[in-house]
Amino acid sequence: MIASSQDPIAAIATAPGKGGIGVVRISGPNLDGIATKLFQQPLKPRHAHYLSFNDAEGRAIDAGIVLYFKAPHSYTGEDVLELQGHGGPAVLKRILARCMEAGKDWGIRHAEPGEFTQRAFLNDRLDLAQAEAVADLIDASSEAAARSAMASLSGAFSREVTALNDRIIHLRMLVEATLDFPEEEIDFLEKYQARPTLEAIITDLQAIRKRAGQGMILREGLHVVLAGRPNVGKSSLLNALAGDDVAIVTPIAGTTRDRVIQQIHLDGVPIHIVDTAGLRETTDEVESIGISRTWAEIERADAVIHLQDAREPNDELEEEIARRIPTRTPVLKVYNKMDLIADANTDGLSSNTQSQPESIAGHAVEKLFISARTGQNLDALRQRLLDIAGWSPGAESPWLARERHIRALEAAEEHLAAARAHAELDDQVLDLFAEELRLAHEELGAITGQFTSDDLLGEIFSSFCIGK
Ligand code: GDP
């Protein structure tokens, strides 16, 4: 972040819109002066004060609760002042403006996106994975995702990563000490049980990666293209898949006109469904913008469902979609309304697909008969989608994680595997063994922010909303 990390900062911390309460938050190295200027009295830390929020002329803007947290016992690790007023946009804007005016002499400025949490990170109140979990908890789209985000925010994920890293550090220390005494290198691996130690570290790393991987699925979900002609039952299928979750079948904001993406949840896993309705219909300019957006969504899909009416199958569109997506993306050919055909193969997969697996533009195609109306075989479809997502929750609840974390865990595992290969060769190239351990250590350290470039920090925090 460009601006100085010493200035007091202020922002509206609650979501835009109307609510019972709205919060304006200020953070800075010392806010005693600003607090006194705003309220004409010293504030007792960690006490709820009910006060009038006045403008510079002493006229009341609002009245509400003021909380004062003295450093380091606050969210950011600095002094934090929280003004809880009524949650309307105009009143909060006025309260914020008053805070800016009162804090002028102390150089107060508006907070940048994520700056409160960034300060918390810089002041060691949170590590980087926890700071990311703050945003992920707020953004969580299902209860399962929120639960996992909270597990990461509480530090459970970071603690496991750090504990693992401590074991790598210990092994590194032993190797590096040995490197100083070449005559001892010969029996280093035996003497310090380096091979089994490394093996145990790799096993535990894999377990962490699995739990974090499941959490990443909860965060990212699955992008599915739902293609099919009008009336084949696309909306009925979405509603049936969503089940009780039906209230969450909402168009994503800003796309109401062409309704490009809808979201449902299966087992808490968000399924982003790209609707191809209207793909072939128009030469109209505005609509063609919608169309190219739909194609962009299709190209990043994880799976395609081509929905057809079981009574009159039709392959239009399918080839074109299949050509645009990577060949590893599976295509599910789903025949709906099986309740209307007398001789349907009611066990779902029709027998002829098993004898002649089909392929479209290089994609393996799976066939499934369903009925959105009666619910027949919907469980099979749900399960297939969760399999494609890679969802296989174990006994332990997942830690919400980001792709960045998974990449670091994978890279660390590769370095540890390389270290193991050196150890297995027994070639006594201990310096190479040590180097791989060092690289694994750095990868894991990046997860918690021990080794992280300023660019990456900027990228992470700037994706937060203002006020976080
Ligand atoms: P969309 O245009 O593809 O979104 O199709 P809709 O979901 O609106 O469904 C079109 C019509 O087909 C509606 O009258 C549905 O009630 C009916 N329909 C959808 N799925 C089924 C099904 O599995 N069986 C039967 N019998 N009718 C269905």
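Residues numbered from 1 in each chain as written. Predicted model: local features only at pLDDT ≥ 70, side-chain atom pairs only at ≥ 80, totals over all residues. Heavy atoms only, no water.

Digging into the environment of Gly-375
Then, number 1: Mapped onto the elements, Gly-375 comes out in the loop between β13 (363-369) and α14 (378-389).
Then, number 2: Separated by 36 residues in the primary sequence, Gly-375 and Asp-339 have C-alpha atoms spaced 9.6 Å apart. (Helix = DSSP H or I, 4+ residues; strand = E, 2+ residues; numbered from the N terminus.)

Notes on the confidence of the model for the chain
Then, number 1: Looking at the chain as a whole, its pLDDT mean stands at 86, while 88% of the residues score no less than 70.
Then, number 2: Per-element confidence in the chain is highest for strand β1 (residues 9-12), whose mean pLDDT is 98, and lowest for helix α13 (residues 351-355), whose mean pLDDT is 42.
Then, number 3: Here residues 246-258 is a poorly scored stretch, pLDDT under 50, and it has 21 contacts once near neighbours within four places are set aside; other chains count.
Then, number 4: Per-residue pLDDT stays below 50 along residues 348-355; that stretch engages in 11 contacts with residues further than four places along the chain or on separate chains. (pLDDT = per-residue confidence, 0-100. Contact = heavy atoms within 4.5 Å.)

Examining unusual backbone geometry
Then, number 1: In the segment running from Ala-71 into Pro-72, the intervening peptide bond is cis, with an omega of 0°.
Then, number 2: By the secondary structure assignment, Pro-72 is in the loop between β4 (60-69) and β5 (79-87).
Then, number 3: Located in the positive-phi region is Gln-40, a residue other than glycine, with phi close to 55°.
Then, number 4: In this fold, Gln-40 is placed in the loop between α1 (32-39) and β3 (49-54).
Then, number 5: Residue Gln-40 is classed as exposed on the basis of its relative accessible area of 58%.
Then, number 6: The backbone of Arg-46 shows a phi angle near 60°, a positive value even though the residue is not glycine.
Then, number 7: Locating Arg-46 in the fold gives a position in the loop between α1 and β3. (Buried < 20%, exposed > 50% of the residue type's maximum accessible area, 1.4 Å probe, protein only.)

Some thoughts on the site of the ligand
Then, number 1: Near the ligand, the surroundings consist of 15 residues, among which Asn-231, Lys-234, Ser-235, Ser-236 and Asp-339 are the closest.
Then, number 2: With respect to the ligand, the side chain of Asn-336 contributes an N or O atom lying 3.1 Å from a nitrogen atom.
Then, number 3: In this structure, an oxygen atom belonging to the ligand sits 3.0 Å away from a side-chain N or O atom of Ser-371.
Then, number 4: Notes on the ligand: free accessible area 580 Å², of which the protein chains cover 74%.
Then, number 5: Tallied by class, residues from the shell around the ligand come to 4 nonpolar, 6 polar and 5 charged. (Near = heavy atom within 4 Å. Polar contact = N/O pair within 3.5 Å; in protein donor to acceptor, adjacent residues only side chain to side chain. Areas by Shrake-Rupley, 256 points an atom, 1.4 Å probe, with all protein chains shown as cover. Nonpolar A, V, L, I, M, F, W, Y, C, P; charged D, E, K, R; others polar.)

A look at empty space enclosed by the protein
Then, number 1: By the definition in use, this model includes 3 cavities of 30 Å³ or more.
Then, number 2: Forming the walls of the largest cavity are Leu-38, Phe-39, Ser-52, Phe-53, Asn-54, Ile-61, Leu-83, Ile-95 and Arg-98.
Then, number 3: For the lining of the largest cavity, the secondary-structure elements that each account for two or more residues are α1, β3 and α2 (89-102).
Then, number 4: In terms of residue count, β3 provides more of the lining of the largest cavity than any other element does, 3 residues in total.
Then, number 5: Of the residues assigned to the lining of the largest cavity, the class counts are 6 nonpolar, 2 polar and 1 charged. (1 Å grid on protein atoms, 1.4 Å probe; cavity = no way out; pocket = protein on both sides within 12 Å on 5 of 7 lines; lining within 4 Å. Points joined across faces, edges and corners; volume = space filled by probe spheres on them.)

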